Amino acid sequence: MTALNLPFLRIAALAAFALLAPLGVAGAAMPPDSIEEALKEAAQACRQMGGTPNTEAILAVDDYNGDGGEDWVADYGKLKCEGGVNPLCGSGGCTIQLYFWDGGTSWDLVFEDLVQSYKFGTKGGKRFLYVTTPGTPCNKPLTETCKYTYRLEKDAVVPVE
C-alpha cells in the first residue's frame, strides 16, 4: 500500500461511518401509541402534583420473552417529577409495566405491579422476571419484602412456584 492510498482510505472510512451513524438513531424503536399514552398520563399526574415531568428514562425495549418482537418495560421509578412527587411511587416501591408484542400491530399489558426491584434473566433456555415487592402481598409487614419469579412466555407472564 502506498502512502497516497492510506490517507484516502482513512477519509473514505470516516465518510462511510458518518453516513451510517445516523441509521442507528433512525432505526431506534418508537413506543407504540398505547404505551406513549401511559407516559402522557404519568406526566399529567406529575403536573397535577405540582411537578415538572421528565419521562425520557422510563421506557426500555428488548425482546424480553424471546419471540423475536419488541417488548417494552415502563419503569415509573425512573419518572423524574422535578418540584413534585412521583405519583407512581409509594413507600413500598414504584410501578412497573411489561408490554408484550402480540405478533401483529399492538402490544398487550401482561404485567403491572408495585415493585422495589426487578431484573430479567435466562435459565435453561427459558426467560424469567425476578421481582421484589413490599411485604404486604405475601402477608408480611410493609417493611419486609416478597420475592417472586415469573416465566416469560410468548403472550403471558406466568408465576413460578
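Residues numbered from 1 in each chain as written. Predicted model: local features only at pLDDT ≥ 70, side-chain atom pairs only at ≥ 80, totals over all residues. Heavy atoms only, no water.

Novice: Which residues make up the overall build of the chain, and what are the values?
Specialist: The number of helices and strands found in the chain is two helices and 11 strands. Across the chain, helices and strands are ordered from the amino to the carboxyl terminus as α-α-β-β-β-β-β-β-β-β-β-β-β. Burial statistics for the chain: of 161 residues in total, 29% are counted as buried. Nonlocal contacts in the chain, meaning residues at least 24 apart in sequence, comprise 39% of its contacts between residues at least 6 apart. (Helix = DSSP H or I, 4+ residues; strand = E, 2+ residues; numbered from the N terminus. Buried < 20%, exposed > 50% of the residue type's maximum accessible area, 1.4 Å probe, protein only. Contact = heavy atoms within 4.5 Å.)

Novice: Go over the sheet that holds strand β10 (residues 145–152), please, and point to the residues and values.
Specialist: Strands sit in the order β8-β9-β10-β11 across an open sheet of four strands; the sheet is antiparallel. Two strands in the sheet have a free side with no partner beyond their single neighbour: β8 (117–123) and β11 (157–159). Adjacent strand axes in the sheet meet at a mean angle of 30°, parallel and antiparallel pairs treated alike. Pairing of β10 with β11 involves three bridges; the strand directions are antiparallel. (Pairing = 2+ DSSP bridges. Axes fitted to C-alpha atoms, helices over the stretch in contact; angles between N-to-C directions.)

Novice: Account for the state of the cysteines, naming residues and giving values.
Specialist: Summed over the entire model, instances satisfying the criterion amount to three disulfides. At a sulfur-sulfur separation of 2.0 Å, the disulfide partner of Cys 46 is Cys 81. Residues Cys 46 and Cys 81 share a disulfide whose torsion about the S-S bond is about 105°; that sign makes it right-handed. Of this pair, Cys 46 sits in helix α2 (residues 33–48) while Cys 81 sits in strand β4 (residues 80–82), and the two are 35 residues apart along the sequence. A residue is classified by how much of its surface remains accessible, and Cys 46, at 0% relative accessible area, is buried. (Disulfide = S-S within 2.5 Å.)

Novice: For the side chain of Asn 65, give the residues involved together with the corresponding values.
Specialist: Topologically, Asn 65 is positioned in the loop between β2 (59–62) and β3 (71–75). Classification of Asn 65 by relative accessible area gives buried; the value is 8%. A distance of 3.3 Å separates the side chain of Asn 65 from the backbone nitrogen of Asp 67, its partner in a polar contact. Among the polar contacts made by the side chain of Asn 65, one reaches the main-chain carbonyl oxygen of Lys 154 at a distance of 2.7 Å. The contacts of Asn 65, once residues within four sequence positions are left out, are Asp 71, Phe 100, Arg 127, Leu 152, Glu 153, Lys 154 and Asp 155. (Polar contact = N/O pair within 3.5 Å; in protein donor to acceptor, adjacent residues only side chain to side chain.)

Novice: Account for the nonpolar core, naming residues and giving values.
Specialist: Of all hydrophobic cores here, the largest spans 12 residues; its members are Tyr 64, Val 73, Ile 96, Leu 98, Phe 100, Phe 111, Val 115, Leu 129, Val 131, Tyr 150, Leu 152 and Val 157. Elements that contribute at least two residues to this core include exactly β6 (93–101), β7 (107–115), β9 (126–134) and β10. Ranked by size, the runner-up nonpolar core spans 11 residues in total, among them Leu 39, Ile 58, Ala 74 and Trp 107. (Core = buried A, V, L, I, M, F, W, Y, C linked by side-chain atoms within 4.5 Å.)

Novice: Describe the packing of aromatic side chains, listing the residues and the values that go with them.
Specialist: For any pair of aromatic rings, the description rests on two quantities: the centre-to-centre distance and the angle between the ring planes. Taken as a whole and assessed by the stated rule, the structure comprises five aromatic pairs. Measuring from centroid to centroid gives 5.1 Å for Phe 111 and Tyr 150, while their planes differ by 65°, and the two rings are edge-to-face. Of the two residues, Phe 111 sits in strand β7 while Tyr 150 sits in strand β10, which places them 39 residues apart along the sequence. The pair formed by Phe 111 and Tyr 150 is uniform in burial state, with each residue classed as buried. Plain terms: the ring middles of Tyr 118 and Phe 120 are 6.1 Å apart, the flat faces sit at 80° to each other, and that makes the pair edge-to-face. (Phe/Tyr/Trp six-rings, centres within 6.5 Å; stacked < 30°, edge-to-face > 60°.)

Novice: Mind laying out the side chain of Thr 132, listing which residues take part and the relevant values?
Specialist: Here Thr 132 lies in strand β9. At a separation of 3.2 Å, a polar atom in the side chain of Thr 132 contacts the side chain of Lys 147. Residues within four places of Thr 132 in sequence aside, it is in contact with Val 115, Gln 116, Ser 117, Thr 145, Cys 146 and Lys 147.

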